[in-house]
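Listed below, chain by chain, are the residues.
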Amino acid sequence: MPPRPNARVLRDIKARKGVADNEISRRAYLYVARNQSLPAQVRYQAQLQLNTFGRYTRPTTVKNRCTETGRGRGVMGEFGLCRFQFRMKALAGELPGVQKASW
Amino acid sequence: MASVAPSRIAALTRLRSIIFQTSYNPTSQRTGAKYLKRRLRGPSMIEYYPNELSISALNKNFRGLDLVDEYEEKRLQDVADKKKRGKGAPKKAKSAADSRRAQRKR
């Protein structure tokens with residue numbers, strides 16, 4: 001069995017799903033709310049609707065965590081791994097094209 | 001050099017936008033178009049974590065499989081043991097008045 005995802009990873013998965021599910025309607029409301037050519041009343045209503053969306057529908061709540069350990073800091077975006085897991089995997093030869101520098 | 005009237009310049013930009021099929025927005029008003037033009041980020045966000053098999057998911061999707069999750073069994077057993085020794089989680093408060101937070105000294 002692989003290690004279980006910790007609570008923070010589960011929360012992040014929830015946020016990712018929420019963002020994907022609500023993205024289109026959020027974009028539509030954003031368009032109306034930010035459009036200066038529309039009447040102020042309509043824009044205000046759209047902004048109120050935007051405020052009713054939950055916390056985990058905003059893309060900023062999503063954080064790239066380590067896919068192995070769930071660590072939130074020191075994650076290399078290209079590999080999705082934290083620095084220590086990156087080192088372990090690179091030394092084990094599991095990351096194609098990555099080798100230890102030597103000169 | 002002779003100065004050109006602003007109205008003539010405005011007419012030129014309007015004509016230019018018609019010819020090149022660009023939007024004519026002389027006052028730089030915000031149209032919110034960028035929220036519609038931007039690509040959707042959700043689909044790629046969902047794919048970040050690799051899918052992993054879990055016993056609970058297998059049991060849920062395939063009825064009658066009834067795999068035993070040893071890790072979960074162990075956890076539940078530990079919780080039950082703790083409860084027996086009086087070390088379990090406190091009871092949920094029925095109202096805000098009898099919550100432990102309310103009883104706390106300030």
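Residues numbered from 1 in each chain as written. Chains lettered and ligands numbered in written order. Predicted model: local features only at pLDDT ≥ 70, side-chain atom pairs only at ≥ 80, totals over all residues. Heavy atoms only, no water.

Draft legend 1. Quick look at a positive patch on the surface. A surface patch of positive charge is lined by Arg34(A), Arg30(B), Lys34(B), Arg38(B), Arg39(B) and Arg41(B). With respect to the helices and strands, the residue Lys34(B) is situated in helix α2 (residues 33–37). Its relative accessible area of 48% is what places Lys34(B) among the partly exposed residues. (Patch = residues over 30% accessible without salt bridge, like charges linked within 9 Å, V, L, I, M, F, W, Y side chains within 5 Å. Areas by Shrake-Rupley, 256 points an atom, 1.4 Å probe, with all protein chains shown as cover. Salt bridge = Lys/Arg side-chain N within 4 Å of Asp/Glu carboxyl O. Lys, Arg positive; Asp, Glu negative; His and termini not counted. Charge placed at Lys NZ, Arg CZ, Asp CG, Glu CD. Helix = DSSP H or I, 4+ residues; strand = E, 2+ residues; numbered from the N terminus. Buried < 20%, exposed > 50% of the residue type's maximum accessible area, 1.4 Å probe, protein only.)

Draft legend 2. Up close: the interface of chain B and chain A. Taken together, the contact between chain B and chain A spans 23 residues of the former and 29 residues of the latter. Together chain B and chain A conceal approximately 2200 Å² of surface at their shared face, both sides included; 60% is due to carbon and sulfur atoms. When the buried area of chain B at its contact with chain A is split by residue, Tyr35(B), Tyr48(B) and Tyr49(B) rank highest and sum to 33% of it. Seen at the junction of chain B and chain A, the total is 0 salt bridges. On the surface where chain B and chain A come into contact, there are 10 residue pairs in polar contact (both at pLDDT 80 or more). Elements with a contribution of two residues or more to the side of chain B that touches chain A: α2, α3 (42–46) and α5 (70–84) of chain B. Residue contributions to the side of chain B that touches chain A peak at 4 residues, all from α3(B). (Contact = heavy atoms within 4.5 Å. Buried area = accessible area lost by both parts, 1.4 Å probe. Polar contact = N/O pair within 3.5 Å; in protein donor to acceptor, adjacent residues only side chain to side chain.)

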